[in-house]
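# Examination of the molecular architecture
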Amino acid sequence: MKKAILSGAGFILALLFITRVFSGDYQRERNEMVETRIASRGVKNERVLKAMRDVPRHLFVPPEYRKLAYEDYPLSIGHSQTISQPYIVAFMTEAADLKPADKVLEIGTGSGYQTAILSKLVDKVYSVEIIEPLARNAEERLDRLGYKNIFIKCADGYKGWPEHAPYDAIIVTAAPEEIPGTLVDQLKDGGVMIVPVGSYYQELYRVIKKGGVLHKEVLMPVRFVPMIRGVDVAIGPP
Ligand code: SAH
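Since we're looking at a predicted model, the values are computed, not measured.

This brings us to the site of the ligand. Every one of the 27 residues lining the ligand counts as a neighbour, but T82, S111, E129, G157 and I228 are closest to it. Here an oxygen atom of the ligand and a side-chain polar atom of E129 are 2.6 Å apart. With respect to the ligand, the backbone of I130 contributes an N or O atom lying 3.3 Å from a nitrogen atom. Here the ligand has 580 Å² of accessible area as a free molecule, and 100% of this is covered by the chains. Mapping the ligand onto the cavity grids shows that it belongs to the largest pocket. Looking at the shell around the ligand, the elements that each hand over two or more residues are β2 (81-83), β3 (103-107), α5 (113-121) and β4 (124-129). Counting residues per element, the shell around the ligand draws most heavily on β2, which supplies three residues.

Structure (structure tokens):
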């Protein structure tokens, strides 16, 4: 009897071990990514690092790229768009200095990965994506993964999302040629916008709005996909 209980316990332990090893949750890869590619390059905010350890990036990339999900480079998500490299996601998120009660607007949902990271750090995330199938896929994926404080709409991000403005922070993940005025208008006084600006040569800006004045700071050179003008989408082949 005792022997049977022991071997039963052993069986359960072995089963737990096997599921842990083969569960494919990539936790070890995620921890390693944070240590060697994010914290080691200067990102310090513990809440950001925890979010980067928690969000399963491999579930935001096409299945054929799953094994590459924790390397530090952007990957294709179809429709000529990319999921940003993990270091940049962490850097931009830290630069926005987010608080738990914040309401954030993201422009460029893409895969929904940056959206998921934001959702772990703030109260509500509104995200706008111009390419319909990407918006739909991201919404389904985030729903399936149980994120509850994310709202996505398919629209032109140059217009922001005025119904929920003003925002404590705005994070733009495609590059406009200039800082979009409409987005500045939707920023709270004291709010922060993180935005890559430029065409071929781009720089990541932190813009802080204080007393109606914009304080701009260049953080680093970057390479993002261009922010598409709504009109570009409307003009198709005849
Ligand atoms: N944050 C994304 C990265 C997406 S790449 C992620 O983590 O996966 C940039 C995204 O911006 C693309 O999906 C692109 O379709 C979208 N985009 C480009 N121009 C846009 C616009 N004017 N309005 C909204 N989204 C836009």
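Take the side chain of H58 next. With respect to the element layout, H58 can be found in the loop between α3 (46-54) and β1 (75-78). For H58, a relative accessible area of 4% corresponds to the buried category. If near-sequence neighbours (up to four positions away) are discounted, H58 is found in contact with G24, D25, Y26, R30, R66, A69 and Y70.

The subject of this paragraph is empty space enclosed by the protein. In total, this model carries one cavity of 30 Å³ or more according to the counting rule given. Approximately 40 Å³ is the volume attributed to the largest cavity. Residue lining of the largest cavity: N45, R47, V48, T93, E94, D97, L98 and L121, and that is the complete set. Of all the secondary structure elements, the ones that give two or more residues to the lining of the largest cavity are α3 and α4 (86-95).

We now examine the pattern of salt bridges. Under the counting rule described, the total for this entry stands at ten salt bridges. The closest approach of N and O atoms between R28 and E29, which form a salt bridge, is 4.0 Å. Taking the relative accessible area as the measure of exposure, E29 reaches 30% and is therefore partly exposed. With its nearest N and O atoms 3.2 Å apart, the salt bridge here joins K99 to D97. A relative accessible area of 41% means that K99 is categorised as partly exposed. Residue classification places D97 among the partly exposed positions, given a relative accessible area of 47%.

How each quantity is defined
Residues numbered from 1 in each chain as written. Predicted model: local features only at pLDDT ≥ 70, side-chain atom pairs only at ≥ 80, totals over all residues. Heavy atoms only, no water. Near = heavy atom within 4 Å. Polar contact = N/O pair within 3.5 Å; in protein donor to acceptor, adjacent residues only side chain to side chain. Areas by Shrake-Rupley, 256 points an atom, 1.4 Å probe, with all protein chains shown as cover. 1 Å grid on protein atoms, 1.4 Å probe; cavity = no way out; pocket = protein on both sides within 12 Å on 5 of 7 lines; lining within 4 Å. Sits in = over half its atoms within 2 Å of the grid points. Helix = DSSP H or I, 4+ residues; strand = E, 2+ residues; numbered from the N terminus. Buried < 20%, exposed > 50% of the residue type's maximum accessible area, 1.4 Å probe, protein only. Contact = heavy atoms within 4.5 Å. Points joined across faces, edges and corners; volume = space filled by probe spheres on them. Salt bridge = Lys/Arg side-chain N within 4 Å of Asp/Glu carboxyl O.

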